[in-house]
Amino acid sequence: MADIKPYTIAIDDQRLKDLKTRLSLAKFPDELDEAGWDMGAPLADVKRLTKYWQETYDWREAEKKLNQAPHFITEIQCNGFEPLAIHFIHVRSNVQGAIPLLFIHGWPGHFEEVLKILKPLTEGGDGVQHPAFDVIAPSLPNFAFSEGTKKRGFAMEQYAETMNKLMLKLGYNEYVTQGGDWGCHISRTLSHLYPKYCKATHLNYDTSSPPEYFKNPILALQHALTPYNQREQRGVGRSRWFDQEGRGYNVEQSTKPQTLGYALADSPVACLAWIYEKLHDWSDAYPWTDDEVCTWVSIYWFSTAGPAASVRIYYETVHNVDGRKDKVDRNKMNSWSPGVKIGFSHFPMDIQVLPSTWVRTLGECVYEKEHDSGGHFAAWERPDEIVTDVREMFGKGGGAFGVVKGATGYTS
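Computed from a predicted model, the values in this text were never measured in an experiment.

A separate point is the environment of D329. Within the secondary structure layout, D329 lies in the loop between α13 (312-318) and α14 (330-333). Spatially, the C-alpha atoms of D329 and C184 are 13 Å apart, while their sequence positions differ by 145 residues. At 2.9 Å, the side chain of D329 forms a polar contact with the backbone nitrogen of K332.

The following block contains the structure:
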């Protein structure tokens, strides 16, 4: 369509200069003796990264690498809200009948997470041995190089509406999704609101509530009688750690995002520390390089709507500011969604690791895979595993094979 335009990431020189200036003027807090990650991002790490970001890191080189993927931008308008320019990566497979796959990121992630799985799914899928995919990876509204709304109430319904309208605009009347974190929640919302178009979802984040005897009698009985396996036993501890020691950010972003926004918008060091803590704590001993961290955080710092806009998704999800009926809240997202097949890849160091009987309460679960390692940023930490799991779920013999009419991913 005429209003879908190629997009090139090109940050103005003045913004780069401003970043360097702010980094050079950083004022750091002190730190208690023997303080560790249990108290937050260590002072030595943040000082090292700040120095590297200011003196060594090359954003222009990172920009060049990011621009190797085909970027686009187009205007999408949700009902009752202003039009927003939405940025996205879009790669079509050469295989006719490739499966349209919508990759949805979360916080503190962004579109960059798709880059390691992009070629294997689009080019590595030959339509004979492996299914082929068309991959669409947007920046959510308020994130990265998409515009942000100025109106209150932009919640799960609007994020899902934006994603669905983008896919329809690209000519995909049916599609599947892949995601974790908010990508999981938005996929769940798509399953409830747009089952005509969203035919299946593959999730790398465990979300659900315990099975109830009146709603899920068989699963509830299984949960009561079947001992947890090793993954589920360890998951109890990991989930407890997150609830007790790692959820503070969520409370702040869900209640007072504006107050936090002053730090994120004014101080690149605050933005760095806030995000870097999650990259460390939520991954499974992933060896983050300084370049990786600086690029990851720079995308937030240089984002079109500013880094503060990205955290408002938490507030809008738990508050019903416009009094809408049937608001999609966490209870709705964690309820059964008929007609949309679902699959899970379980990673042991994610921030929430739940029993299989719980996640199967969400819908027709046609795929589950347990992994021995990996954390919250699965597409970045364990791209090979995500590619394999997606192929297995949607390939021949998989539980979601052929869910998209006329697009099986195979040539015959």
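This part is about the packing of aromatic side chains. Under the counting rule described, the total for this entry stands at 24 aromatic pairs. For the ring pair F154 and Y159, a centre distance of 5.0 Å and an interplane angle of 90 degrees mean the geometry is edge-to-face. In this pair, the class of F154 matches that of Y159, namely buried. Ring centres of W282 and F377 lie 6.3 Å apart, and the angle between their planes is 15 degrees; this geometry places the pair in the stacked category. A residue pair is termed long-range when its members are at least 10 positions apart, and W282 in the loop between α11 (268-281) and α12 (290-301) and F377 in the loop between β9 (364-370) and α16 (378-381) qualify at 95 residues. The same class applies to W282 as to F377, namely buried. In textbook terms, an aromatic cluster arises when at least three aromatic residues are bridged by ring pairs, as seen for W107, W182, W241, F242, Y249, W282, Y286, W288, W296, Y314, F377 and W380.

Quick look at the pairing of strand β7 (residues 198-203) now. A large share of β7 lies buried, amounting to 6 of its 6 residues. Note that strand β6 (residues 175-179) and β7 share 5 bridges and pair parallel. Considered in β7, the bridge of Q178 is made with H202. Read as a crossover between parallel neighbours, the route from β6 over helix α6 (residues 182-193) to β7 is right-handed. Examined bridge by bridge, β7 and strand β8 (residues 341-346) share 4 bridges and lie parallel to one another. Each bridged residue has a counterpart across the sheet, and for L203 the counterpart in β8 is F344.

With that settled, consider the pattern of salt bridges. In the structure shown here, the tally under the stated rule is 22 salt bridges. E63 is the partner of R60 in a salt bridge, and the nearest nitrogen-oxygen pair spans 2.8 Å. Placement of the pair is R60 and E63 together in helix α3 (residues 59-66), with a separation of 3 residues, close to one helical turn. Relative accessible area serves as the criterion here: at 30%, R60 is assigned to the partly exposed category. For the salt bridge of D243 with R247, the shortest nitrogen-to-oxygen distance reads 2.9 Å. What you see here is one network of salt bridges that share partners, running through D206, R231, E232 and E370.

Thresholds applied
- Residues numbered from 1 in each chain as written.
- Predicted model: local features only at pLDDT ≥ 70, side-chain atom pairs only at ≥ 80, totals over all residues.
- Heavy atoms only, no water.
- Helix = DSSP H or I, 4+ residues; strand = E, 2+ residues; numbered from the N terminus.
- Polar contact = N/O pair within 3.5 Å; in protein donor to acceptor, adjacent residues only side chain to side chain.
- Phe/Tyr/Trp six-rings, centres within 6.5 Å; stacked < 30°, edge-to-face > 60°.
- Buried < 20%, exposed > 50% of the residue type's maximum accessible area, 1.4 Å probe, protein only.
- Pairing = 2+ DSSP bridges.
- Right-handed = clockwise from strand over helix to strand, strands pointing away.
- Salt bridge = Lys/Arg side-chain N within 4 Å of Asp/Glu carboxyl O.

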